[in-house]
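Each chain, written out:
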Amino acid sequence: MRHDKMINESNNESHVRFHAARKSTWVSVVVNCFLTLGQIITGIFSGSQGLIADGIHSLSDLIADFVVIVANNKSKKEPDEDHNYGHFRYENGASLILGSLLFIVGLGMLWSAINKIHNPDTIPQVHIIALWVALIALVFKELLFRYMLAVATRVKSSMLVANAWHARSDAASSLVVALGIIGNLLGFKFLDPVAALIVGLIVAKMGYSFMSDSLHDLMDKAVDSDTEKEIQSTLLATEGVLGVHDFKTRKVGDLIIVDVHLDIDSHLSVKEGHDIAVNARKRVLENHRVLNVMTHVDPYCNSSNQ
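Residues numbered from 1 in each chain as written. Predicted model: local features only at pLDDT ≥ 70, side-chain atom pairs only at ≥ 80, totals over all residues. Heavy atoms only, no water.

Within the protein chain, the regular secondary structure consists of 8 helices and 3 strands. Expressed as a percentage of the 306 residues in the protein chain, the buried residues total 45%. For the protein chain, the accessible area works out to roughly 15,900 Å², and carbon and sulfur atoms hold 63% of it. (Helix = DSSP H or I, 4+ residues; strand = E, 2+ residues; numbered from the N terminus. Buried < 20%, exposed > 50% of the residue type's maximum accessible area, 1.4 Å probe, protein only. Areas by Shrake-Rupley, 256 points an atom, 1.4 Å probe, with all protein chains shown as cover.)

Shown next as structure tokens:
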């Protein structure tokens, strides 16, 4: 009964995460649709390269949102014959795509801005409407970031955290673009492409960070040392567990798979040792974001008792 309750709680948590992700992502889709159109169209007619770059960044957000929607639906699928551990790693794959997208968009912005800076005669005078659109975009992007990060933190989803910070990078870029447009309006025309250059650097750096983290997760990088210590403490606090060794972890989506050898009193029966290992596994599943714990029981001989 206790095991069934644990499974039901896990399924309920997965259900909550799925719907929270879908709702927050669709909110982002709607916001980014309006921002993309407004920024790119206004940027073209006002002559602001920075605003156009910001609009392209918003477009990348929109594409990223659809990637998240697809990954969120895929990761919810139950385990099957080909995917015994489920489909949680669709989330890691989505984070990798999001990071790659940010990195490529950032490099494109850098290339365009550098060309403008090398050819200052081609930099037009920006119309003031570009400033108003940049400020409006800044407000909406910051509000969107705060909303999405709150949802991501509540459901503990690294994929949603990545998408939320993607929105924050847009907010930061809008601030830089607004400052560049102000400089252009004051007569320093080169500041608009400089703003686009800074936006490109921000986007590329953030993209590289997400891409690197998700790639490491897909290559079975261990979780952070603090989390590992917490799981080990739970195992050691289980009655009958005298020690742990060969402790290994890897991520599957936002969950963790644990492999561990447990030291059990060698004088106990096979059944007693098995029951201790089962209890240790249950405690870890109940107290940590762990998908599965694979245990191996090793007989422990205390020389003082021999």
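The next point concerns the packing of aromatic side chains. Overall, the coordinates contain 1 aromatic pair when judged by the stated rule. Ring geometry for Phe 103 versus Tyr 208: centroids 6.4 Å apart, planes at 50°, classification tilted. Of the two residues, Phe 103 is situated in helix 3 (residues 89-118) and Tyr 208 in helix 6 (residues 191-218); the sequence distance between them amounts to 105 residues. (Phe/Tyr/Trp six-rings, centres within 6.5 Å; stacked < 30°, edge-to-face > 60°.)

Attention now goes to a nonpolar patch on the surface. Among the surface-exposed residues, Leu 175, Leu 179, Ile 182, Leu 186, Phe 188 and Phe 190 lie close enough to one another that they form a single nonpolar patch of about 610 Å² accessible area. Mapped onto the secondary structure, Phe 190 falls in the loop between helix 5 (158-185) and helix 6. (Patch = residues over 30% accessible without salt bridge, like charges linked within 9 Å, V, L, I, M, F, W, Y side chains within 5 Å. Salt bridge = Lys/Arg side-chain N within 4 Å of Asp/Glu carboxyl O.)

Bringing the pairing of strand 3 (residues 290-300) into the picture now. Relative to strand 3, strand 2 (residues 255-265) runs parallel, the two being bridged by 10 bridges. Residue pairing for strand 3: Val 258 is matched across the bridge by Val 293. Handedness of the crossover is the feature at issue here: the chain leaves strand 2, passes through helix 8 (residues 270-287), returns alongside strand 3, and the resulting connection is right-handed. (Pairing = 2+ DSSP bridges. Right-handed = clockwise from strand over helix to strand, strands pointing away.)

With that out of the way, let us pick up helix 4 (residues 129-155). With 27 residues, helix 4 extends 39 Å between its outermost C-alpha atoms, agreeing within 8% with the 39 Å of an ideal straight helix rising 1.5 Å per residue. Immediately beyond the C-terminal end of helix 4, within one or two residues, lies Lys 156, with a positive phi of roughly 55°. (Expected span 1.5 Å × (residues − 1).)

For the rest of this paragraph, the subject is the sheet that holds strand 1 (residues 241-252). What holds strands together in a sheet is hydrogen bonding between their backbones, with the strands either parallel or antiparallel. Read from one edge to the other, the open sheet built from 3 strands follows the order 1-2-3, with strand pairing classed as mixed. The open sheet is flanked by strand 1 and strand 3, the only strands paired with a single partner. This sheet shows a mean twist of 15° between the axes of neighbouring strands, independent of strand direction. Helix 7 (residues 225-236) contacts strand 1, strand 2 and strand 3 of the sheet and is inclined by roughly 140° relative to strand 1. (Axes fitted to C-alpha atoms, helices over the stretch in contact; angles between N-to-C directions. Contact = heavy atoms within 4.5 Å.)

The next thing to look at is the packing of helix 3 against helix 6. It is at 6 Å that the axes of helix 3 and helix 6 come closest, and there the two elements cross at 155°. Considering the angle they form, helix 3 stands roughly antiparallel to helix 6. Considering only the axes of helix 3 and helix 6, their crossing is left-handed. Residue composition of the contact of helix 3 with helix 6, grouped by class: 24 nonpolar, 9 polar and 3 charged. (Parallel < 35°, antiparallel > 145°, perpendicular 65-115°, else oblique. Left-handed = near helix turned anticlockwise from the far one by under 90°. Nonpolar A, V, L, I, M, F, W, Y, C, P; charged D, E, K, R; others polar.)

Another point: unusual backbone geometry. A positive phi angle, close to 65°, is found at Asp 220, a residue other than glycine. Position of Asp 220 among the secondary structure elements: in the loop between helix 6 and helix 7. By relative accessible area, which is 35% here, Asp 220 ends up partly exposed. At Asp 246, a position not held by glycine, the phi torsion is positive, near 50°. You can see Asp 246 is positioned in strand 1.

Take helix 7 next. The end-to-end C-alpha distance of helix 7 is 16 Å, a good match for the 16 Å that 12 residues give at a rise of 1.5 Å each. Those residues of helix 7 lying buried are Thr 227, Glu 228, Ile 231, Thr 234 and Leu 235. The arc enclosing the buried residues of helix 7, seen along the axis, measures out at 120°, which places them on a common side. Next to the buried residues of helix 7 lie strand 1, strand 2, helix 8 and strand 3. (Arc of directions from axis to C-beta.)

Turning next to the nonpolar core. Counting residues in each nonpolar core, the largest one holds 24 residues, and the members touching the most others are Leu 51, Met 109, Ala 134, Val 177, Ile 181, Val 199 and Val 203. Elements with a contribution of two residues or more to this core: helix 2 (49-75), helix 3, helix 4, helix 5 and helix 6. For Val 199, the residues in contact, after removing those within four places along its chain, are Met 109, Ser 173, Val 176 and Val 177. Ranked by size, the runner-up nonpolar core spans 18 residues in total, among them Val 223, Ile 231, Leu 235 and Leu 285. (Core = buried A, V, L, I, M, F, W, Y, C linked by side-chain atoms within 4.5 Å.)

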